[in-house]
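Tertiary structure, described
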Amino acid sequence: MAKSLLIISRRAPWSGPNAREALDIALAGGAFDLPIGLLFLDDGVFQLAAKQDAKALQQKDLSANLQALPMFGVEDLFVCGESTAARGLDPKDLSLEEAQVLAAQEITALIDRYDQVITL
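Residues numbered from 1 in each chain as written. Predicted model: local features only at pLDDT ≥ 70, side-chain atom pairs only at ≥ 80, totals over all residues. Heavy atoms only, no water.

You'll find the protein entered in an unreviewed UniProt entry as Sulfurtransferase complex subunit TusC, with Pseudomonas wuhanensis given as the organism. Heading Sequence similarities (unreviewed entry) of the UniProt record for the protein holds this comment: "Belongs to the DsrF/TusC family." (UniProt positions renumbered as here; feature names shortened; annotations may be inferred.)

In structure tokens form, the structure reads like this:
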């Protein structure tokens, strides 16, 4: 059985390539049927904010990649509730409705469930 992988995305979509790279890794792993989870933590929760205008920042829009995650078999999606609250985001308004909102203490248990963890 393939080792499970948790990708922790901690960067805002406009702060550099890390957000896109985290999504690319998740999509590639999903395409090969690897057991993958994706956790949006800290500024990474900004990737899930609705109605972003990437063109205004001269960036590529990540929303299509986010919506493709379930189609590639990446269904274990998580978001830190404390991170969303600290940044003024309501978890109900996030672009990935299927993402499970976790409390900070639940994140430690989540990380322990996976064989490997990548943080970007």
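Let us keep going from here.
Next up on the list: the overall build of the protein. Across its full length, the protein holds four helices and five strands. When the helices and strands of the protein are read in sequence order from the N terminus, they spell out β-α-β-α-β-α-β-α-β. For 120 residues, the compact-globule formula gives about 14 Å, and the C-alpha radius of gyration of the protein, at 13 Å, lands near that figure. Across its three principal directions, the C-alpha atoms of the protein cover 45 × 30 × 25 Å. Every one of the 120 residues in the protein was classed for burial, and the buried ones make up 41%. Within the protein, contacts between residues separated by at least 24 positions form 75% of all contacts whose residues are at least 6 apart in sequence. When the accessible surface of the protein is split by element, carbon and sulfur atoms take 51% of a total near 6,800 Å². Looking at charge distribution, the protein has the averaged site of its 10 positive side-chain charges lying 6 Å from that of its 17 negative ones. (Helix = DSSP H or I, 4+ residues; strand = E, 2+ residues; numbered from the N terminus. Rg over C-alpha atoms; globule rule 2.2 N^0.38 Å. Buried < 20%, exposed > 50% of the residue type's maximum accessible area, 1.4 Å probe, protein only. Contact = heavy atoms within 4.5 Å. Areas by Shrake-Rupley, 256 points an atom, 1.4 Å probe, with all protein chains shown as cover. Lys, Arg positive; Asp, Glu negative; His and termini not counted. Charge placed at Lys NZ, Arg CZ, Asp CG, Glu CD.)

What follows covers the pattern of salt bridges. Pairs can form between side chains of opposite charge whenever their charged atoms are close. In the structure shown here, the tally under the stated rule is two salt bridges. The residue D43 makes a salt bridge to R87 at a minimum N-O spacing of 2.7 Å. Of the two residues, D43 is situated in the loop between β2 (36–40) and α2 (63–68) and R87 in the loop between α3 (81–86) and β4 (100–102); the sequence distance between them amounts to 44 residues. Using a relative accessible area of 33% as the deciding quantity, one classes D43 as partly exposed. Assessed through its relative accessible area of 27%, R87 is described here as partly exposed. (Salt bridge = Lys/Arg side-chain N within 4 Å of Asp/Glu carboxyl O.)

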